[in-house]
Amino acid sequence: MGVGVLLAVVGAILTFAVRANTSVISLPTVGIILMVAGGLLIWHGRNGTQRKRVITREERPGGATTPTSTVRQTIEERDID
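Residues numbered from 1 in each chain as written. Predicted model: local features only at pLDDT ≥ 70, side-chain atom pairs only at ≥ 80, totals over all residues. Heavy atoms only, no water.

### Side note on the overall build of the protein
- Helix and strand content of the protein: two helices and two strands.
- From first element to last, N terminus to C terminus, the protein shows the α and β order α-α-β-β.
- Expressed as a percentage of the 81 residues in the protein, the buried residues total 9%.
- Look at the contacts in the protein between residues 6 or more apart in sequence, and 39% of them connect residues 24 or more apart.
- For the protein, the exposed area adds up to about 6500 Å²; of that, 61% sits on carbon and sulfur atoms. (Helix = DSSP H or I, 4+ residues; strand = E, 2+ residues; numbered from the N terminus. Buried < 20%, exposed > 50% of the residue type's maximum accessible area, 1.4 Å probe, protein only. Contact = heavy atoms within 4.5 Å. Areas by Shrake-Rupley, 256 points an atom, 1.4 Å probe, with all protein chains shown as cover.)

Quick look at the structure:
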């Protein structure tokens, strides 16, 4: 997520603070592209690494003659940086 913040900050500086004129590239356009890329990296870092798993199994408590009961278990896994 730190790289996303860095890209967003550098993009904002290029877009709003740098007043250099170049004939090769447009610095405000490059800044906007970097800000969008940084925003996507920040979003992916917060939401993109989340997984959810649902496990369903049948249990027979007390022996083989009792009816089965269905057990659902939800496991959420998150990657921690």
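### Some details on the environment of valine 3
- Relative to the helices and strands, valine 3 is located in helix 1 (residues 2-17).
- Residue valine 3 is classed as exposed on the basis of its relative accessible area of 54%.
- In the structure, valine 3 is positioned 42 residues away from glycine 45 in sequence and 10.0 Å away in space, judged by C-alpha atoms.

### A closer look at the UniProt feature "transmembrane region" (unreviewed entry) in the protein
- UniProt's entry tags residues 27-43 with the feature "transmembrane region" (unreviewed entry), counted in the numbering of this structure.
- Across residues 27-43, helical content stands at 100% and strand content at 0%; the span's end C-alpha atoms are separated by 24 Å. (UniProt positions renumbered as here; feature names shortened; annotations may be inferred.)

### Re helix 1
- Over its 16 residues, helix 1 runs 22 Å from end to end, which matches the ideal 22 Å to within 8%, given 1.5 Å per residue.
- Listing the buried residues of helix 1 in full gives Gly4, Gly11, Leu14 and Thr15. When helix 1 is viewed along its axis, its buried side chains cluster within an angular range of 95 degrees and face the same direction. Exposed side of helix 1, more than 90 degrees from the buried face: Gly2, Leu6, Phe16 and Ala17 are the residues found there.
- Structurally, helix 1 contributes buried residues whose contacts are with helix 2 (27-47). (Expected span 1.5 Å × (residues − 1). Arc of directions from axis to C-beta.)

### Quick word on helix 2
- The end-to-end C-alpha distance of helix 2, which contains 21 residues, comes to 30 Å, matching closely the 30 Å that a straight helix rising 1.5 Å per residue would cover.
- Among all positions in helix 2, only Leu27, Gly31 and Gly38 are buried. Seen along its axis, helix 2 keeps its buried residues to an arc of 40 degrees; they face one direction. Away from its buried face by more than 90 degrees, helix 2 exposes Ile33, Leu40 and Trp43.
- Lining the buried residues of helix 2 we find helix 1.

### Some words on the packing of helix 1 against helix 2
- For the pair helix 1 and helix 2, interaxial distance at closest approach is 7 Å and the crossing angle is 160 degrees. For the element pair helix 1 / helix 2, the angle class is roughly antiparallel. Crossing of helix 1 against helix 2: the hand is left-handed. In this structure, helix 1 uses Val3, Gly4, Val5, Leu7, Ala8, Val10, Gly11, Ala12, Leu14, Thr15 and Phe16 to contact helix 2, whose residues at the interface are Leu27, Pro28, Val30, Gly31, Ile32, Leu34, Met35, Ala37, Gly38, Leu41 and Ile42.
- Among the residues forming the contact of helix 1 with helix 2, the class breakdown is 17 nonpolar, five polar and no charged. (Axes fitted to C-alpha atoms, helices over the stretch in contact; angles between N-to-C directions. Parallel < 35°, antiparallel > 145°, perpendicular 65-115°, else oblique. Left-handed = near helix turned anticlockwise from the far one by under 90°. Nonpolar A, V, L, I, M, F, W, Y, C, P; charged D, E, K, R; others polar.)

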